[in-house]
Amino acid sequence: MNELIRINEADSVAVAMRPLDKGVKIGELELLENIPMGHKIALKDIRKGEHIIKYGFPIGEALTAIPRGAHVHTHNTRTLLSGAHEYEYYPTHPTLQPQSPETFSGYMRHDGRAGVRNELWIIPTVGCVNDVALALEHEASQYAEHVRAFTHPYGCSQMGEDQEHTRQVLADLATHPNAGGVLLLGLGCENSGIDTIKPYMKDYDPERVRFLVSQDVHDEIEAGMSLIRELIDRMSRDSRVPCETSKLIIGLKCGGSDGLSGITANPAIGAFSDMLISQGGTAILTEVPEMFGAETILMNRCRDEATYSKTVKLINDFKNYYASCGQPVYENPSPGNKAGGITTLEDKALGCTQKSGSAPVNDVLAYGERVVTHGLNLLSAPGNDLVASTALAAAGAQIVLFSTGRGTPFGCPVPTVKISSNSGLAERKSKWIDFNAGTLAEGGTIHDKARELFDYVLGVANGENTRNELNNFQGMAIFKTGATL
C-alpha cells in the first residue's frame, strides 16, 4: 500500500493514505507533523501567497510559508474563489469509444422507459395528508411488498418558482418508471392539488396511477385502500424482461466526503459513468455548489456552445441564489469534510467532479426537469444529500450512486448505492455501505474497480436490494427556494 499519493505530476502536495507520524521518512521526505489519513503534505517549500496544486489545479493559496513535509490544511490555506466570473469556452471535444450494450432485467413502461423496481408509491400532494399516506403504507404493506409513502412538508403556502418546483418534482415521481403503481393523495384545498399537478404528468399511464382527494370522501383510508387494491392487481401482472443498458439512467452524488473520495470512490464512479455512456446509457451529475472551482473543466467538455451557455447559466444562477440570500458563495466544505482532509471548495469540487468521468457534457437540466438526452447530463440542485438525490430520481434516475468517506444511512426514492472511499468505513458501517472503493488505496486499477462496480449496479438493476432498501431507509426532500405564506 502506498503511504502517499501524488495525484498529478504538477501537484505540490500529496495525500496520506493512512495516518502518518511526525518524523517518519518516506523516501527523501521527512514529515514535520502528524498527518491524518486523507490529509495533505507539502512536497516542497511553498511560499506565502503561492498556489497550492492538487489534481493538477490550484485548490487555494498559502496563508503563510509552508515548509516541505508540513501539514497543508485549513490553518494555512485559503480559497482563491471570490465573486462572479466571466467564462470563455475552450472546447476539449472529449469522445468515448462506443461499446455494445449489455443487458439487465427490468420492467418496460408504456413510454419506453425501464424500471428497475416495481414498487407501489403513495405520494402526498401536500404535507397535511402525510399521516394518511403513512397509514395507507402500513395497511397496504399487508397485501404487497415494497410500498413506499414519500412524505414531505410542501404543496401549499408556496409561491412562484418555489411552488413550481414542488409541482414538477411530485409529477416526476408520480410518473417514475420504478413505480409500478402510484396513488397521488391530495387534501382538496391546497395550492398544488391533484387537478393542478395532473397537467405536469404529461405522459402518465392511467392504468398505473390513481388519484384521491381526501376531503371528497367519507373515509380516506377505506377509499385509498380500494384504489391501492386496483393498483396491486395491475402490478401483479408485471414481469421483468431483458433491457439494454442504454435504458439505464444513473444519478451521481457524493456526501460526507474525505480526502480519499477524489482518489478512490469518485474516480471509480467516473470510470463507471464512462463505461455506461459508451454503451448508450445516461449519467446525471448534480450538486452545483460542489462544482465551484472545477466548473471550467465541465464547461470545456460541453458538446457545443449552446450546452456551454447552459452550463454557465447553471453555475451563475446558483451563485446569484446564494448572494440573494446574503450567504457566502464559497464557504462549502462541512466540518466532516474538513476533518477528512478537504480544505477548500476547490479541493472539494475537483474531487467531486471526478464522478463525471471523461465524457462530453451533452445536456444541462433545470431543477425538476426530466432527462431526455443520452450521455452525461448536469442537473441543477444543491449539495444537500436528500434534496439532490431526490432531484436525481425526479430527473429519471433509476439508481443513485453515492460516494462517501464518512458514511450515511439515508436513501432516496430509488436504490441508493453507498460507495465508501476507504476500507475502514466499509468495515465499520457494513450495514450502510454497499460497495468498497477503498481497496484502490491498497492496489488495483480504476478500470478494474469500475468494472466491478458496473457488475454490482447491474445486479441492483436486476433486483438485488441495496442497504438502504434492506434497512427500509427511503425518503424524499424538495428544494425550498421561496417564502412561505
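As shown above, the structure is provided for reference.
Our subject in this report is the structure included herewith. Computed from a predicted structure; not experimentally measured.

### What about the overall build of the chain?
Okay, so step 1: From N to C terminus, the chain includes 13 helices and 23 strands.
Okay, so step 2: Expected size for 485 residues packed as a compact globule is a radius of gyration near 23 Å; at 23 Å, the chain falls within 12% of this value.
Okay, so step 3: For the C-alpha atoms alone, the extent of the chain along its principal axes is close to 80 × 45 × 40 Å.
Okay, so step 4: For the chain, with 485 residues in total, the buried portion stands at 58%.

### Side note on the side chain of Ser 12
Okay, so step 1: Looking at the secondary structure, you find Ser 12 in the loop between strand S1 (4-5) and strand S2 (13-16).
Okay, so step 2: Separated by 3.0 Å, the side chain of Ser 12 and the backbone nitrogen of Ile 53 make a polar contact.
Okay, so step 3: Ser 12 has contacts with Ile 41, Ala 42, Leu 43, Lys 44, Ile 46, His 51, Ile 52 and Ile 53, leaving out every residue within four places of it along the chain.

### So, helix H2 (residues 160-174)
Okay, so step 1: Counted at 1.5 Å a residue, the expected span for H2 with its 15 residues is 21 Å, and the 21 Å between its end C-alpha atoms agrees.
Okay, so step 2: Within H2, 11 of the 15 residues are buried, leaving the element largely enclosed by the surrounding structure.
Okay, so step 3: All of the buried residues along H2 are Asp 162, Gln 163, His 165, Thr 166, Arg 167, Val 169, Leu 170, Ala 171, Asp 172, Leu 173 and Ala 174.
Okay, so step 4: Tucked into the core, H2 has its buried residues touching strand S12 (119-124), strand S14 (179-186), helix H3 (194-197), strand S15 (209-213) and helix H10 (385-394).

### Some points on the pairing of strand S10 (residues 103-108)
Okay, so step 1: Of the strand pairs in this sheet, S10 and strand S16 (residues 241-244) are connected by four bridges, and their pairing is antiparallel. From the neighbouring strand, Thr 103 faces S16, where its bridge partner is Glu 244.
Okay, so step 2: Two elements, S10 and strand S11 (residues 114-115), share two bridges in a ladder whose sense is antiparallel. Across the sheet, residue Tyr 107 finds its bridge partner in S11, namely Gly 115.
Okay, so step 3: Taking the residues between adjacent antiparallel strands as the criterion, S10 and S11 are bridged by five residues, where Gly 112 takes a positive phi near 90°.

### Focus: the side chain of Asp 11
Okay, so step 1: Turning to its location among the elements, Asp 11 is positioned in the loop between S1 and S2.
Okay, so step 2: At 3.4 Å, the side chain of Asp 11 and the backbone nitrogen of Ile 7 are in polar contact.
Okay, so step 3: A distance of 2.7 Å separates a polar side-chain atom of Asp 11 from the backbone nitrogen of Gly 56.
Okay, so step 4: If near-sequence neighbours (up to four positions away) are discounted, Asp 11 is found in contact with Arg 6, Leu 43, Ile 53, Lys 54, Tyr 55 and Gly 56.

### Description of the pattern of salt bridges
Okay, so step 1: In the structure shown here, the tally under the stated rule is 30 salt bridges.
Okay, so step 2: Asp 111 serves as the salt-bridge partner of Arg 113, at 2.9 Å between the closest nitrogen and oxygen.
Okay, so step 3: Taking the shortest distance from any N to any O, the salt bridge between Asp 203 and Arg 370 comes out at 3.3 Å. Residue Asp 203 is found in the loop between H3 and S15, and its partner Arg 370 is found in the loop between strand S19 (361-365) and strand S20 (375-379); the two are separated by 167 residues along the sequence.
Okay, so step 4: Through salt bridges with shared partners, one network takes in Arg 109, Asp 205, Glu 207, Arg 208, Arg 234 and Asp 238.

### What to know about the sheet that holds strand S5 (residues 40-42)
Okay, so step 1: With antiparallel pairing, the four strands of this open sheet are ordered in space as S1-S2-S5-S8. Looking along the sheet, the strands with just one partner apiece sit at the ends: S1 and strand S8 (71-72).

### So, the packing of aromatic side chains
To describe a pair of aromatic rings, you give the distance between the ring centres and the angle between the ring planes.
Okay, so step 1: Considering all chains together, one arrives at 12 aromatic pairs under this definition.
Okay, so step 2: Judged by centre distance (5.7 Å) and plane angle (85°), the ring pair of Tyr 204 and Phe 211 falls under edge-to-face.
Okay, so step 3: With relative accessibility at 22%, the residue Phe 211 sits in the partly exposed group.
Okay, so step 4: Ring centres of Tyr 321 and Tyr 322 lie 5.7 Å apart, and the angle between their planes is 35°; on these two criteria the pair is classed as tilted.
Okay, so step 5: In this structure an aromatic cluster arises from ring pairing among Phe 318, Tyr 321, Tyr 322, Tyr 367 and Phe 479.

### Here's the deal with the sheet that holds strand S13 (residues 147-149)
Okay, so step 1: An order of S13-S12-S14-S15 is seen for the four strands of this open sheet, with the pairing classed as parallel. Of all strands in the sheet, those with a lone pairing partner are S13 and S15, marking the two edges. Strand-to-strand twist of the sheet, defined as the mean angle between neighbouring strand axes without regard to direction, takes the value 15°.
Okay, so step 2: As paired elements, S14 and S15 share five bridges and run parallel to each other. Counted as the bridge partner of Gly 186 is Val 213 from S15.
Okay, so step 3: Contacts from helix H4 (residues 220-235) reach S12, S14 and S15, with the element oriented near 180° to S15.

### Re the environment of Val 371
Okay, so step 1: Within the fold, Val 371 resides in the loop between S19 and S20.
Okay, so step 2: Accessibility expressed as a relative area gives 11% for Val 371, which makes it buried.
Okay, so step 3: The sequence separation of Val 371 and Asn 34 amounts to 337 residues, and the corresponding C-alpha distance is 47 Å.
Okay, so step 4: Once residues within four sequence positions are removed from consideration, Val 371 is found in contact with Ile 249, Thr 282, Ile 284, Leu 365, Asn 377 and Ala 395.

### A word on the nonpolar core
Okay, so step 1: If you look at the biggest cluster of nonpolar residues, it comprises 90 residues, and the most contacted ones within it are Ile 250, Phe 292, Ile 399, Leu 401 and Ile 419.
Okay, so step 2: Looking at which element gives the most residues to this core, the answer is helix H12 (residues 446-461), with eight residues.
Okay, so step 3: The contacts of Ile 250, once residues within four sequence positions are left out, are Phe 272, Leu 276, Thr 282, Ala 283, Ile 284, Ala 397, Ile 399, Leu 401 and Val 457.
Okay, so step 4: Listed in part, the 21 residues of the second largest apolar core include Val 126, Leu 183, Leu 185 and Leu 187.

### What about helix H1 (residues 130-140)?
Okay, so step 1: All of the buried residues in H1 are Asn 130, Val 132, Ala 133, Leu 136 and Ala 140. For H1, the arc enclosing every buried residue in end-on projection is 160°, short of the 170-degree limit, so these residues lie on one face. Turned more than 90 degrees off the buried face of H1, the exposed positions are Asp 131 and His 138.
Okay, so step 2: Looking at the buried side of H1, the elements it contacts are S12, S13, S14 and H4.

Cut-off values and rules
Residues numbered from 1 in each chain as written. Predicted model: local features only at pLDDT ≥ 70, side-chain atom pairs only at ≥ 80, totals over all residues. Heavy atoms only, no water. Helix = DSSP H or I, 4+ residues; strand = E, 2+ residues; numbered from the N terminus. Rg over C-alpha atoms; globule rule 2.2 N^0.38 Å. Buried < 20%, exposed > 50% of the residue type's maximum accessible area, 1.4 Å probe, protein only. Polar contact = N/O pair within 3.5 Å; in protein donor to acceptor, adjacent residues only side chain to side chain. Contact = heavy atoms within 4.5 Å. Expected span 1.5 Å × (residues − 1). Pairing = 2+ DSSP bridges. Salt bridge = Lys/Arg side-chain N within 4 Å of Asp/Glu carboxyl O. Phe/Tyr/Trp six-rings, centres within 6.5 Å; stacked < 30°, edge-to-face > 60°. Axes fitted to C-alpha atoms, helices over the stretch in contact; angles between N-to-C directions. Core = buried A, V, L, I, M, F, W, Y, C linked by side-chain atoms within 4.5 Å. Arc of directions from axis to C-beta.

Purely spatial values, then, with no claim about function.
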